[in-house]
Amino acid sequence: MNILVCVSKTPETTAKITFTSDNSEFNTNGVNFIMNPYDEWYALVRAIELKEQFGGEVTIVNVGPSENDSVIRKGLAIGADKAVRINAEPKSALETAHHIANFAKEGSFDAVFLGKETIDYNGSEVSAMVAELLDLPFVSFASKLEMEEESKAIITRDIEGGTEVIEVAPPFCISSAKGLAEQKIPNMRGIMMAKRKPLDVVEPDEVSAPLEVKEFSLPPEKGEVTLIDPEDMDELVRLLHEEAKVI
Amino acid sequence: MSVIVYAESHDGTFNKKAFEVVTYARKTADLLDTDCIALCHGADSPEQLGIYGAQKVVTLESDALEQFDAKTYTAAIAKAVEQLGGDTVILQHSANGKSIIGGLAAKLNCGSVSAVNQLPTNDSGFEVVKPVFSGKAFAKYSISSDQRVLSLMGNSIPPEEMGSEDVDVESLSLDLDAPKTKVVKVDKVKGEIPLPEAEIVVSAGRGMKGPDNWDIIEELADELGATTACSRPVADSGWRPHHEHVGQTGIAISPSLYLAIGISGAIQHLAGVNNSDTIVVINKDPEAPFFKAADYGVVADLFDVVPRLTEAIKRFKAS
């Protein structure tokens, strides 16, 4: 089973979010970057488990500049066999998806795994775009994926207030949610082996941007918290009713 | 070119989010000086969408739409957009809407912005704002393509009665390929409003000390008609089911009232809840970071104060 796993680089979850002085760009000064948790903990680890079950290869693809190589190497250390970085800096999900699809078309993948969203732009868009551009069946928010045989996957999909169980035959594309796999920490052997695994850099095809970010802003500061006397819960209820008007 | 909105129904019924997205679409259509057409499938009363602003309702008809398959729904909406002449498509930012928006943008080869939470502007090109960095910031996008697709975050704008049920309802038969995925089972938590749709959420954390102490949380939630949630450590230690986990790596929610009980307020937790309208924090540690994000705070032992809050709500409801 050959699986393509698409990974992004994102600021770590505790990063302080600030912008350059004209608010046009994210200020990366002092920010640590990680592999997007949904891509790493769930998509990549489950792909590696399926490879261990059926044989085949796990390929990582990332769209980005050379600074992303450390994140890609971590994916190789966790257990992917090879990696490709498409040397582009897209402004939109659609460009990213086109780059991935153009690369994926050249290979023969039985499945394409992505995270359900990145923790920076929170778009949840690239996975469905890749599926559409590759004309693959698409299952979103996969929190469980079992394959007893290589010809059929049984996927649990998270929906509002519950789950759906879905059958699909390869080749298919999924977006990965919590539960799909358990986070795997790379061991020293993995880290050493990753240095010798191939990381190819390919130049992108021309793709046009349908949109761009004009400006970033931070949420308005919250006013001071109103502290309520713990002995007077009637006062809290009154404020929620009369002032906040939420009950 | 029209604004076309897809309103989701579940078991034939629209919920509040469907009416929100129709109102949002109508206001967008007014801004662009055009009309608002609502699409739906399988709804018992499609004309209800007229009340919230749709000037025409089109029901999508095809056997292929009987189960949700992202690509089939994407194809259906794309065909409707083509036949009805739409340049702006608006979806709900729901599990299904999120599964459609990307594919639809790829099919139409246009710009898309998901999880928008404000109306667009059209003064210097089509611009729209969405939360980014898990709610820690906002980004204003400018879309340059001729068409565009948006998905609207729930609880961003209230549904408004902008029209009437006396609206033109047409059906549109679509020729669609059979879905390549098969839904074999649907499990829904019974009797509770799903977290992403809940107006009031009562959430508890490690301060609860153990899974056996949740009675007081459930009693409070019952009195408020609220859905229960929890922090990540609570879900990870198995005190509560994973579907209750709200935060950056759990579910992001934006209810009108969020009560955080015994949750310190780690940045990853705040990221998933800071779009709530009103936040109440109950914690015995006055230094808990959550108080900085709260509208109302109670510094007290939760085991003491939560039952008294429940009693106060009972008195309020009785009065």
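Another point: the packing of helix H2 (residues 69-78) of chain A against helix H5 (residues 188-196) of chain A. Packed helices, taken two at a time, are described by the angle their axes make and the gap between the axes. All names here are of chain A. Close contact between H2 and H5 brings their axes to 7 Å; oriented N to C, the two are set at 120°. By the angle class used here, H2 and H5 are oblique. Of the two elements, H2 crosses H5, and the hand of that crossing is right-handed. Two secondary-structure elements touch here, H2 through Arg 73, Leu 76, Ala 77 and Ile 78 and H5 through Gly 190, Ile 191 and Ala 194.

This brings us to the pairing of strand S6 (residues 111-115) of chain A. All names here are of chain A. Here S6 lies mainly inside the structure; five of its five residues are buried. Residues Ala 111, Phe 113 and Gly 115 line one face of S6 and the alternating positions Val 112 and Leu 114 line the opposite face, and both faces are buried. Taken together, the three bridges between strand S1 (residues 3-6) and S6 define a ladder with parallel strand orientation. Note on S6: the bridge partner recorded for Ile 3 is Ala 111. Direction of pairing for S6 relative to strand S10 (residues 172-176): parallel, over a ladder of five bridges. By the bridge assignment for S10, Leu 114 is matched with Ser 175.

Moving on: the environment of A:Val237. With respect to the helices, strands and loops of the structure, A:Val237 is situated in helix H6 (residues 233-242). Put simply, A:Val237 and A:Ile34 are 203 residues apart on the chain and 43 Å apart in space, counted from C-alpha to C-alpha. With residues near it in sequence (within four places) discarded, A:Val237 still touches B:Ala312, B:Ile313 and B:Phe316.

Right, let's get into the interface of chain B and chain A. Contact residues are listed per partner, giving 75 residues for chain B and 66 residues for chain A. Class assignment of the residues belonging to the side of chain B that touches chain A gives a composition of 37 nonpolar, 20 polar and 18 charged. The pairing of strand S13 (residues 226-227) of chain A with strand S17 (residues 296-299) of chain B spans two bridges and is classified as parallel. Across the sheet, A:Thr226 pairs through a bridge with B:Tyr296, a residue of S17(B).

In the predicted model, chain B carries a mean pLDDT of 95, and the fraction of residues at 70 or more is 100%. On the interface metric, ipTM, the complex scores 0.94, and its pTM is 0.92.

A few words now on the environment of A:Met147. Residue and element names in this part refer to chain A. The topology assignment puts Met 147 in strand S7 (residues 138-149). Under the C-beta neighbour-count criterion, Met 147 is labelled partly exposed, with 17 such atoms within 10 Å. Separated by twelve residues in the primary sequence, Met 147 and Ile 159 have C-alpha atoms spaced 21 Å apart. Leave out the neighbours within four places in its chain, and Met 147 touches Leu 50, Lys 152 and Ala 153.

Quick notes on the rules
- Residues numbered from 1 in each chain as written.
- Chains lettered and ligands numbered in written order.
- Predicted model: local features only at pLDDT ≥ 70, side-chain atom pairs only at ≥ 80, totals over all residues.
- Axes fitted to C-alpha atoms, helices over the stretch in contact; angles between N-to-C directions.
- Helix = DSSP H or I, 4+ residues; strand = E, 2+ residues; numbered from the N terminus.
- Parallel < 35°, antiparallel > 145°, perpendicular 65-115°, else oblique.
- Left-handed = near helix turned anticlockwise from the far one by under 90°.
- Contact = placed C-beta atoms within 7 Å.
- Buried ≥ 20, exposed ≤ 12 C-beta atoms within 10 Å, placed from the backbone.
- Pairing = 2+ DSSP bridges.
- Nonpolar A, V, L, I, M, F, W, Y, C, P; charged D, E, K, R; others polar.
- pLDDT = per-residue confidence, 0-100.

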